[in-house]
Amino acid sequence: MDLVIQVLDSTVRLSTPLLLAALAGLYSERSGVFDIGLEGKMLAGAFAAGAAAAVWGSPWIGLLAALAASLAMAVIHAFASITVRGNQIVSGVAINFVAAGLTALLGQSWFGMGGRTPPLSGGQRFNPITLPGAEALKDVPLIGPIYEGLISGHNILVYFAFLMVPVTWWVVFRTRFGLRLRAVGENPAAVDTAGISVTFLRYRAVIICGLLCGVAGAYLSTAFNAQFGQNMTAGKGFIALAALIFAKWKPLNVLGACLLFGFLEAAGIRLQGVALPMIGQVPVQLVQALPYILTVVLLAGFIGKAIPPKAGGVPYTKER
Amino acid sequence: MAEKAAEEAGTGKAPKPVHPAIELRGISKSFGPVKANRNIDLRVERGTIHGIIGENGAGKSTLMSILYGFYHADSGDILIGGKPVRITGSQEAIALGIGMVHQHFMLVHNFSVLENIILGAEGGNVLNSARTRARSELERLEREYDMHVDPDAIIEELPVGLQQRVEILKALYRGAEILILDEPTGVLTPAEADHLFRILEQLREQGKTIILITHKLREIMAITDNVSVMRRGEIVATRKTAETNVEQLAELMVGRRVLLRVDKGKASPGETKLSVQGLTVADSRRVTMVDAVTFDVRAGEIVGIAGVAGNGQSELLEAIAGIRRAKQGKVLLDGRPIGVTGPGDPAAMRDRGLAHVPEDRHHMGLVLPFEENENSILGYHTKQQYLNGPLLDIDAIRNDAKAKIEQYDIRPPDCRLKTANFSGGNQQKIVLAREMERDPSVLLIGQPTRGVDVGAIEFIHKRIIEMRDAGKAILLVSVELDEIRSLADRILVMFAGRIVGERTPEASEGELGLLMAGIQDGEGRTGGRAA
């Protein structure tokens, strides 16, 4: 029982950055702007948060810095792909490279710790919150451990990420903005002829994407870890992208997909050095590669046809 | 002028002048060096149906886009109901009561009808109330105009006729008083088109003003009150429809006399060239699109396949041409089978004398960014005459292209020009020249005049008849019933993948229309969703 709770608890924590990044991508891609720069934006956010929190001693200032850094990159992506109608993939790749290079360079020149930011301690990072009643319920069978061990005791960004799932669902399917967002990703000409600005709509979507990536980055360096390390996103942005496709661009499916990827990672960590019956000890590398292998397998055909937003990746030009 | 008279009469409280619904004064618009609209003056009276007719590229769509705020005029004034207005975007046009039904529907294909209707007119940040409001408003509009559509249906599952109805409802929902329809009947069956016209007449009775843009002369005569003819960016004439006729309008459109009827003698069919036996073709979703189709085409005759788009004609043509693999059946070319159920080989077909003018010239017939001369040998580029060892013989290709340009009157006569820069009619001539000049024994032609101007249509039809008279077997697929009736010697009607009847070209339009809608002779059995 304890083991299950532990693995699930770790699943929740590992899923959080994926969830934030995948939801970020959802807004952007639903509007018709493909974004493979989730990784770069997250990395920039993580660095900005780690650096700012270390310098000013507050995770909240770190979060603000992360939002600003990630937002700046999102605006560049928006400008390149919406205003000047550039290639969205190229712009995304460029953002990933810039983020990887710039964080290492600035980290080294500012802190001289080989690209890392100074370690954070105590109130410099987001700490676990004990939900009311967790202590009291602790000994109630089943509910107690689940509430105390799994639901309670995460930092605020985790709760924010999971809250964003129903919020995103509501925004996308129940609001005017959401209706227009979905429409502009499918047929921007229909939106344009309805008298709505395609450009403004897409900018807003990409900006939301930038903000959520910023939160994901801040989570990595000031909540999940206690410092920024070089290239600490380690492909999480791409896994989030895979989760988004796997989830067919639907918010509730995104939750499921991210939990699945998070669980694999958690299980992988747990399995390290454990000898399995019949198989023996599984090499660490293989276990660590599991989420990535799964990504390939799932995307290669297990999910059926994932139909992306029809106008995705295509800059909008007025035609007669 | 009415205004001035009223002002002068001023003190005497003369009867209020009736302003036209729309008045355009001196509208001009250029795209780079191209003058799309030149000094256009147009008056559209309230409560009338005003037709605007002209060839492709005459500037009709540009003019309407200016009116709808999609483009800005370089100069000129727009008056709506007598008041000068500046329309800087679709939102303003909508606010002024202008609604537009675009040729390519501006609908979100995976949204419901209701969602499409409220898009841009939600009236609040949260959708729930908007949905309820739209639903009751939609019911009212449907009752008033007799246009039923299920509000919860998904657009892509609706037939095009209904999709168009959604577009009209969208405009009415926004309170449109002036409705612009751009080539509305291109995708409709004759019955659907008739229903559309009834709706338009009803709208006119309610006092709405309608502008109908089309290149079909028959529609202008059938429904409009007034008609303006555009040619090369100018309005060359405006007439009362009752006081003009088809020949006069065609002449105004093209700028010279046009022969609207195809002159052709009797066919003298020879031996069977192409024999299709029990051909069955499925599409990529494994839905049977062509269902056990059997027919022959003989030398010296034109067999026309009529039908509403999407009833399997495209797949039939592609299977015979070797582009699409058939599920079963046989096709004999000159008595010898071609492997239609195997992997297709269009190149081998060409070698055996089967030429194909594909339905969609942009996707299958031409590589638009290529130069004209390159497109004029596409598919035949491995022929000795175009080769110089392993290399292309550029001079031979260009000289060959120049000869075709002259023979087919392709304009502009420049074989180095990018194909995308030719008009639709001239692009089609490039494809026709390429396929016809190979002297094939069997010619498959899909939609020979889709998006082609009246002047070029005349030319293309003449060439097709010439090919027939030279003893070629021709299989013609077209969604234009008029075209089939005037060219074909025998008409096969396709519905839902089957050939549901064979008629002579003398058969009435009504009879063919019923067949095309899947209604069998006499029995009155409905097979489709005819309007």
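Computed from a prediction, not measured in an experiment: that's the story for all the values here.

A. Representation of the overall build of chain B. When you go through chain B residue by residue, the secondary structure sums to 18 helices and 22 strands. Here the C-alpha atoms of chain B give a radius of gyration of 25 Å, agreeing with the 24 Å that 2.2 N^0.38 yields for 531 residues. The dimensions of chain B, computed from C-alpha atoms along their principal axes, are 85 × 55 × 45 Å. Per-residue burial for chain B yields a buried fraction of 45% across its 531 residues. Sequence separation of 24 or more characterises 66% of the internal contacts of chain B that already satisfy a separation of 6 or more.

B. Quick peek at the overall build of chain A. Each helix and strand in chain A was counted, giving 13 helices and 2 strands. Rg of the C-alpha trace for chain A: 20 Å, near the compact-globule value of 20 Å for 320 residues, within the 12% margin. Summarising its shape, the C-alpha atoms of chain A cover approximately 65 × 45 × 40 Å along the three principal directions. Split into buried and exposed, the 320 residues of chain A put 47% on the buried side.

C. Seen up close, helix α2 (residues 38–56) of chain A. Residue and element names in this part refer to chain A. In a regular helix each residue adds 1.5 Å, so 19 residues correspond to 27 Å; α2 covers 26 Å between its end C-alpha atoms and thus fits that length. With 17 of 19 residues buried, α2 lies mostly within the body of the structure. Count one or two residues on from α2 and you reach Gly 57, which has phi positive near 75°.

D. Representation of the interface of chain B and chain A in the model. Each partner contributes residues to the interface: chain B has 24 residues there, and chain A has 17 residues. Of all the secondary structure elements, the ones that give two or more residues to the side of chain B that touches chain A are α2 (60–67) and α3 (90–95) of chain B. The class makeup of the residues in the side of chain B that touches chain A is 10 nonpolar, 12 polar and 2 charged.

E. Seen up close, the domain arrangement of chain B. All names here are of chain B. Taken as a whole, chain B is organised into domain 1 (15–254) and domain 2 (273–365 + 441–516). Here the C-alpha centre of domain 2 lies 34 Å away from the C-alpha centre of domain 1. At the interface, 9 residues of domain 1 touch 10 residues of domain 2.

F. Focus on the nonpolar core. Of all hydrophobic cores here, the largest spans 235 residues; its most connected members are Ala 22, Ala 243 and Val 254 of chain A together with Ile 180, Leu 476 and Val 493 of chain B. Here the element with the most residues in this core is helix α10 (residues 198–224) of chain A; it accounts for 16 residues. Both domain 1 (15–254) and domain 2 (273–365 + 441–516) of chain B contribute no fewer than three residues apiece to this core.

G. Just the sheet that holds strand β20 (residues 473–477) of chain B, in detail. All names here are of chain B. Spatially, 6 strands are ordered β16-β19-β20-β13-β21-β22 in an open sheet, and the strand pairing comes out mixed. The outermost strands of the open sheet, each flanked by one partner alone, are β16 (354–357) and β22 (498–503). Averaged over all adjacent pairs, the angle separating strand axes in this sheet is 20°, with direction ignored. When strand β19 (residues 442–446) meets β20, the two strands line up parallel, connected through 5 bridges. Along β20, the bridge assignment pairs Leu 443 with Ile 474. Packing of helix α18 (residues 509–516) onto the sheet brings it into contact with β13 (301–306), β21 (490–495) and β22, and relative to β21 it is tilted by some 35°.

H. Region of the structure containing the pairing of β16 of chain B. Residue and element names in this part refer to chain B. Side-chain alternation along β16 places Leu 354 and His 356 on one buried face and Ala 355 and Val 357 on a second face that is also buried. For β16 and β19, the ladder comprises 4 bridges, and the chain directions are parallel. By the bridge assignment for β19, Ala 355 is matched with Leu 443.

I. Examining the sheet that holds strand β1 (residues 22–31) of chain B more closely. Residue and element names in this part refer to chain B. Reading across from one edge, β2-β1-β4-β5 is the order of the 4 strands in this open sheet, with antiparallel pairing throughout. The sheet is open, and its two borders are formed by β2 (34–44) and β5 (83–85), each paired with just one other strand. Averaged over all adjacent pairs, the angle separating strand axes in this sheet is 30°, with direction ignored. With 5 bridges joining them, β1 and strand β4 (residues 75–80) adopt antiparallel strand pairing. For Glu 23, the partnering residue across the bridge sits in β4 and is Leu 79.

J. View of the confidence of the model for chain B. Residue and element names in this part refer to chain B. Residue-level pLDDT values for chain B average 86, and 94% of them are 70 or greater. Between the elements of chain B, mean pLDDT differs from a low of 43, seen in helix α1 (residues 2–9), to a high of 95, seen in β20. In the predicted structure, residues 1–13 sits below a pLDDT of 50 and forms 6 contacts with residues beyond four places in sequence or in another chain. Counting interchain partners and residues more than four positions distant, the pLDDT-below-50 stretch residues 522–531 has 22 contacts. Here the complex is predicted with pTM 0.78, and the ipTM for its interfaces comes to 0.87.

K. Fine view of the pairing of strand β11 (residues 272–282) of chain B. Residues and elements named next belong to chain B. In this structure, β11 lies alongside strand β12 (residues 288–298), joined through 7 bridges in antiparallel fashion. Pairing of Ser 275 across the sheet is with Asp 296, part of β12. Hairpin connection between β11 and β12: a loop of 5 residues separates the two successive antiparallel strands, and Arg 286 in this loop has a positive phi of roughly 65°.

L. Here's a closer look at helix α11 (residues 236–246) of chain A. Residue and element names in this part refer to chain A. Of all 11 residues that make up α11, 9 are buried, and the element is covered over most of its length. Among the residues of α11, Lys 236, Gly 237, Ile 239, Ala 240, Leu 241, Ala 242, Ala 243, Leu 244 and Phe 246 are the ones counted as buried. The first or second residue beyond α11 is Lys 248, which carries a positive phi of 50°.

M. Representation of the environment of Ala 275 of chain A in the model. Residues and elements named next belong to chain A. Take Ala 275: it is sitting in strand β1 (residues 275–276). Looking at Ala 275, the number of C-beta atoms within 10 Å reads 10, which means it is exposed. Among all residues touching Ala 275, those that are not within four sequence positions of it are Gly 280 and Gln 281.

N. Layout of the packing of helix α1 (residues 2–30) of chain A against α11 of chain A. All names here are of chain A. Relative orientation of the contacting elements α1 and α11 amounts to 60°, with a least axis distance of 8 Å. With respect to α11, the element α1 is oriented oblique. In this structure, α1 meets α11 at a crossing whose hand is right-handed. For the pair α1 and α11, the contacting residues are Pro 17, Leu 18, Ala 21, Ala 22, Gly 25, Leu 26 and Glu 29 in the first and Lys 236, Gly 237, Ile 239, Ala 240, Leu 241, Ala 243 and Leu 244 in the second. Considered class by class, the residues forming the contact of α1 with α11 number 10 nonpolar, 2 polar and 2 charged.

O. Structural detail: the environment of Gly 217 of chain A. Residue and element names in this part refer to chain A. Looking at the secondary structure, you find Gly 217 in helix α10. Exposure remark for Gly 217: the 38 C-beta atoms within 10 Å place this residue in the buried category. The spatial distance from the C-alpha of Gly 217 to the C-alpha of Arg 202 is 23 Å, given a sequence separation of 15 residues.

P. Structural context of the environment of Arg 239 of chain B. Within the secondary structure, Arg 239 of chain B sits in strand β10 (residues 234–240). Once residues within four sequence positions are removed from consideration, Arg 239 of chain B is found in contact with Asn 226, Val 227 and Thr 244 of chain B.

Q. How the structure looks around unusual backbone geometry. Located in the positive-phi region is Ala 234 of chain A, a residue other than glycine, with phi close to 45°. Looking at where Ala 234 of chain A falls in the secondary structure, it is placed in the loop between α10 and α11. Not every positive phi belongs to a glycine, and Asp 439 of chain B is a case in point at roughly 55°. One can find Asp 439 of chain B in the loop between α15 (424–436) and β19.

Criteria and cut-off values
Residues numbered from 1 in each chain as written. Chains lettered and ligands numbered in written order. Predicted model: local features only at pLDDT ≥ 70, side-chain atom pairs only at ≥ 80, totals over all residues. Helix = DSSP H or I, 4+ residues; strand = E, 2+ residues; numbered from the N terminus. Rg over C-alpha atoms; globule rule 2.2 N^0.38 Å. Buried ≥ 20, exposed ≤ 12 C-beta atoms within 10 Å, placed from the backbone. Contact = placed C-beta atoms within 7 Å. Expected span 1.5 Å × (residues − 1). Nonpolar A, V, L, I, M, F, W, Y, C, P; charged D, E, K, R; others polar. Domains from an automatic or database assignment. Core = buried A, V, L, I, M, F, W, Y, C linked by C-beta atoms within 7 Å. Pairing = 2+ DSSP bridges. Axes fitted to C-alpha atoms, helices over the stretch in contact; angles between N-to-C directions. pLDDT = per-residue confidence, 0-100. Parallel < 35°, antiparallel > 145°, perpendicular 65-115°, else oblique. Left-handed = near helix turned anticlockwise from the far one by under 90°.

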